[in-house]
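Coordinates in review
Listed here are the chains, written in short residue letters.
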Number of protein chains: 2
Amino acid sequence: MKVSELSAESGVSVATIKFYLREGLLHAGLQTAANQADYDGGHVRRLRLIRALIDVGELPIAAVRATLTAVDDESTSLHDAFGAVMHGLDTVPPDDTAPDIAAARREVDAWLRRRRWKIEPDAPAPHALATAVAILRQFDFPVTLADFDEAAASAERSAEFEVAYARGMADRAAAVETMLIGTVVFERALAEIRRLALEAVSARTERRHGSGPRRPV
Amino acid sequence: MKVSELSAESGVSVATIKFYLREGLLHAGLQTAANQADYDGGHVRRLRLIRALIDVGELPIAAVRATLTAVDDESTSLHDAFGAVMHGLDTVPPDDTAPDIAAARREVDAWLRRRRWKIEPDAPAPHALATAVAILRQFDFPVTLADFDEAAASAERSAEFEVAYARGMADRAAAVETMLIGTVVFERALAEIRRLALEAVSARTERRHGSGPRRPV
C-alpha cells in the first residue's frame, strides 16, 4: 500500500509516519519509484505498537527506540528480549543512597527471595519498588512488603497467562511485541481501574459522611 | 529553618527549592530579613510531595501545579478535591472517535454500572480504560471487561483502606495530600510488582522450554 493508504489504515498522519521513518522507529517500505514506497501489514502493526507505547505507555521517543531495538534484535533469546523490553520501560534509577530507600531495598530483596522470583541484578524494578515503599512511609502509610502479597499473587497469575500467550505467537518478533504491549497496556488498564475504584469509594464515603465545607447548613 | 537547612532536611537542592518557589509549587517562607526567610515542617512535607509526583508519578511540572492547586483549594469538599487530584493525573483524552474505542467505552460504562461504581461524567479514566481495551484487541489479546473483575475487586478493597486512611487525617490538606500520594505511589508500586512477576515467570518458563537462539547445542 502507499503511504496515504498506510496512514488511513493505521490512523497515523503521513507527516508523523515520515517522522517515524526518519527517526528509525519504522522500517522503510519497499522502494517502487524515486518518490514512492510500498508498505504492508507489518508497517500497520508497527505503527500501532509505536502509538501504544507513546499514547498509553507515555514513553519518550528515545525509550520507544530502545525498546523497539530489543524487539528487533533477533540474536537474543526470547527471555532476554522480554527482559530488555521491560527494563527499558523503567527510567534508570538515580544513584540513591538515602538510608530509608536502602532499608526498603533490603526488604524488597528478601520478599523476592521468599516469593522465589528470580530477577536480574540490574533490573530497575526492585529499586523502584523500594523507593515507592520508602515514600509511602515518609507519608506515614504503615506499609510492609507483606501488604503486597495479594497483588503479587494476582500479578503472577496474570503473568503466567501473558507469557504463555506471547510465547504461543507464530514468530519471535510477534512474541516480543505481544509481551511489550501486554506489559504497557495492562499496566495502564490496572492503574485506571485503581483510579476508578478510588473515585467510586470516595463518592460512597462522601454520601455516608456527608461532611466537608460544601454541606448545606 | 533556613533554606540551606530545608535543603538538608528534604534532600532537595537549594537551586531546585528556589525554582519551585518561583514556579509557585512551594509557598514562600516567613520573611525574616531582606534576603532570608524561615521555613518549617510544612515546607519539608510539600517538597517530599512534589518530588514524589515528579520522580514516582512522572508528572510534568504543569500537572504538578494543577494537582497542588486542588490540594490547596479549601473551598471544595474532600471528595471533590480527591476527584480533582485524580482527574489531574490523567492526560486529557484526545477527541477520539475510533469505532473500536467507542465500542469499548460502551462496555466500560456497562461494567461500571454493574459494579455500582459512580464516576463523574468528565472523569478521564473510563476513556483511558476503553482505549487500553481497544489496543489490547488490536493486538489480538482476547480481552473482555470481565477479565478485570478480580483486579477491580482487589482495587476496591485497597481503595476502602486508602480513603478511610486519608479521611482519618487531622486536617484537610493532609487528607488530600495522603490521597494523592497513595494514588500515585501505590500505582507505581503495583506496576513494578507486575513487571517483576513478568520477569520471574518468563525466567521460569525459559528454564522449562530451554528454547531460543542462545541455547547451547
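All values reported here derive from a predicted model rather than from experimental measurement.

**Description of the interface of chain A and chain B**
Between chain A and chain B, the contact holds 86 residues from the first and 87 residues from the second. A combined buried area of about 8200 Å² lies between chain A and chain B, and 66% of that area is made up of carbon and sulfur atoms. The largest share of the area that chain A buries against chain B comes from Phe139(A), Arg194(A) and Arg195(A), three residues that together contribute 10% of it. Our count for the chain A to chain B interface comes out at 10 salt bridges. With a shortest N-O distance of 3.1 Å, Glu162(B) and Arg194(A) are connected by a salt bridge.

**Quick word on the pattern of salt bridges**
Residues and elements named next belong to chain A. Under the criterion given, the structure shown has 28 salt bridges over all chains. We note a salt bridge from Arg 45 to Glu 177, for which the minimum N-O separation is 2.7 Å. Taken together, the positions of Arg 45 in helix α3 (residues 41-56) and Glu 177 in helix α9 (residues 172-209) put the pair 132 residues apart, joining distant regions of the chain. When salt bridges with common partners are traced through the structure, they connect Glu 58, Arg 188 and Glu 192 into a single cluster.

**Structural notes on the domain arrangement of chain A**
Residue and element names in this part refer to chain A. If you check the domain split of chain A, you get domain 1 (1-56) and domain 2 (76-209). Computed from C-alpha coordinates alone, the two centres of domain 1 and domain 2 are separated by 32 Å. At the interface, six residues of domain 1 touch eight residues of domain 2. Taken over both partners, the interface formed by domain 1 and domain 2 buries close to 660 Å², and the fraction arising from carbon and sulfur atoms is 69%. Where domain 1 touches domain 2, the interface holds one salt bridge. The interface formed by domain 1 and domain 2 includes two residue pairs in polar contact (both at pLDDT 80 or more). Classifying every residue of the side of domain 1 that touches domain 2 gives four nonpolar, no polar and two charged.

**Points about the relation of the copies chain A and chain B**
Superposing chain A onto chain B takes a rotation of 180° plus a shift of 0.0 Å along the axis, which leaves an RMSD of 0.0 Å. Overall, the copies show the geometry of a two-fold rotation axis. Relative to the rotation axis, the closest C-alpha in chain A is found at Ala191(A), a distance of 3.9 Å. Counting the interface residues of chain A, we find that 100% of their copies in chain B are interface residues as well, pointing to one common contact surface.

**A short note on empty space enclosed by the protein**
In the structure shown here, the tally under the stated rule is two cavities of 30 Å³ or more. Of the volumes computed, that of the largest cavity is approximately 40 Å³. As for the largest cavity, its lining consists of Arg195(A), Leu196(A), Glu199(A), Met86(B), His87(B), Asp90(B), Ala123(B), Pro124(B) and Ala125(B). Contributions of two or more residues to the lining of the largest cavity are made by α9 of chain A together with α5 (78-89) of chain B.

**Topic: the packing of aromatic side chains**
Counted under the stated rule, the structure contains 12 aromatic pairs over all chains. Feature note: the residues Phe141(A), Phe148(A), Phe161(B), Tyr165(B) and Phe186(B) constitute an aromatic cluster, connected by ring pairs. Between the NZ or CZ atom of Arg115(A) and the centre of the ring of Trp117(A), over which it lies, the distance is 5.2 Å.

**Here we look at helix α1 (residues 3-10) of chain A**
Residue and element names in this part refer to chain A. Among the residues making up α1, those that are buried are Leu 6, Ser 7 and Ser 10. The buried residues of α1 occupy an angular sector of 100° when projected down its axis, which confines them to one face. Tucked into the core, α1 has its buried residues touching α2 (14-23) and α3. Gly 11 lies just past α1 and shows a positive phi near 75°.

**A closer look at helix α4 (residues 61-72) of chain A**
Residue and element names in this part refer to chain A. For α4, spanning 12 residues, the distance from its first C-alpha to its last is 16 Å, which sits close to the expected 16 Å at 1.5 Å a residue. Among all positions in α4, only Ala 63, Val 64, Thr 67, Leu 68, Ala 70 and Val 71 are buried. The buried side chains of α4 occupy one side of the element, clustering within an arc of 150° when seen end-on. Exposed and facing more than 90 degrees away from the buried side of α4 are Ala 62 and Ala 66.

**A closer look at the environment of Leu112(B)**
Residues and elements named next belong to chain B. Note on placement: Leu 112 falls in helix α6 (residues 99-115). In this structure Leu 112 comes out as buried when scored by relative accessible area, which is 5%. Counting along the chain gives 14 residues from Leu 112 to Pro 126, while the straight-line C-alpha distance between them is 8.8 Å.

**Focus: the pairing of strand β1 (residues 30-33) of chain A**
Residues and elements named next belong to chain A. Relative to strand β2 (residues 36-38), β1 runs antiparallel, the two sharing three bridges. Bridge pairing in β2 places Leu 30 opposite Asp 38. Taken together, β1 and the strand that follows it, β2, pair antiparallel across an intervening segment of two residues.

**Observations concerning unusual backbone geometry**
All names here are of chain A. Of note in the backbone geometry, Glu 58 takes a positive phi value of approximately 55° without being a glycine. Within the secondary structure, Glu 58 is located in the loop between α3 and α4. The exposure class of Glu 58 is partly exposed, given its relative accessible area of 41%. The phi angle at Arg 116 is positive, at roughly 60°, despite the residue not being glycine. With respect to the helices and strands, the residue Arg 116 is situated in the loop between α6 (99-115) and α7 (125-138).

**Examining the environment of Ala110(A)**
Within the secondary structure, Ala110(A) sits in helix α6. Distance in space between the C-alpha atoms of Ala110(A) and Leu145(A) is 9.4 Å, their sequence separation being 35 residues.

Reading the values: rules and limits
- Residues numbered from 1 in each chain as written.
- Chains lettered and ligands numbered in written order.
- Predicted model: local features only at pLDDT ≥ 70, side-chain atom pairs only at ≥ 80, totals over all residues.
- Heavy atoms only, no water.
- Contact = heavy atoms within 4.5 Å.
- Buried area = accessible area lost by both parts, 1.4 Å probe.
- Salt bridge = Lys/Arg side-chain N within 4 Å of Asp/Glu carboxyl O.
- Helix = DSSP H or I, 4+ residues; strand = E, 2+ residues; numbered from the N terminus.
- Domains from an automatic or database assignment.
- Polar contact = N/O pair within 3.5 Å; in protein donor to acceptor, adjacent residues only side chain to side chain.
- Nonpolar A, V, L, I, M, F, W, Y, C, P; charged D, E, K, R; others polar.
- Least-squares fit on C-alpha atoms with pLDDT ≥ 70 in both.
- 1 Å grid on protein atoms, 1.4 Å probe; cavity = no way out; pocket = protein on both sides within 12 Å on 5 of 7 lines; lining within 4 Å.
- Points joined across faces, edges and corners; volume = space filled by probe spheres on them.
- Phe/Tyr/Trp six-rings, centres within 6.5 Å; stacked < 30°, edge-to-face > 60°.
- Lys NZ or Arg CZ within 6 Å of the ring centre and 35° of its normal.
- Buried < 20%, exposed > 50% of the residue type's maximum accessible area, 1.4 Å probe, protein only.
- Arc of directions from axis to C-beta.
- Expected span 1.5 Å × (residues − 1).
- Pairing = 2+ DSSP bridges.

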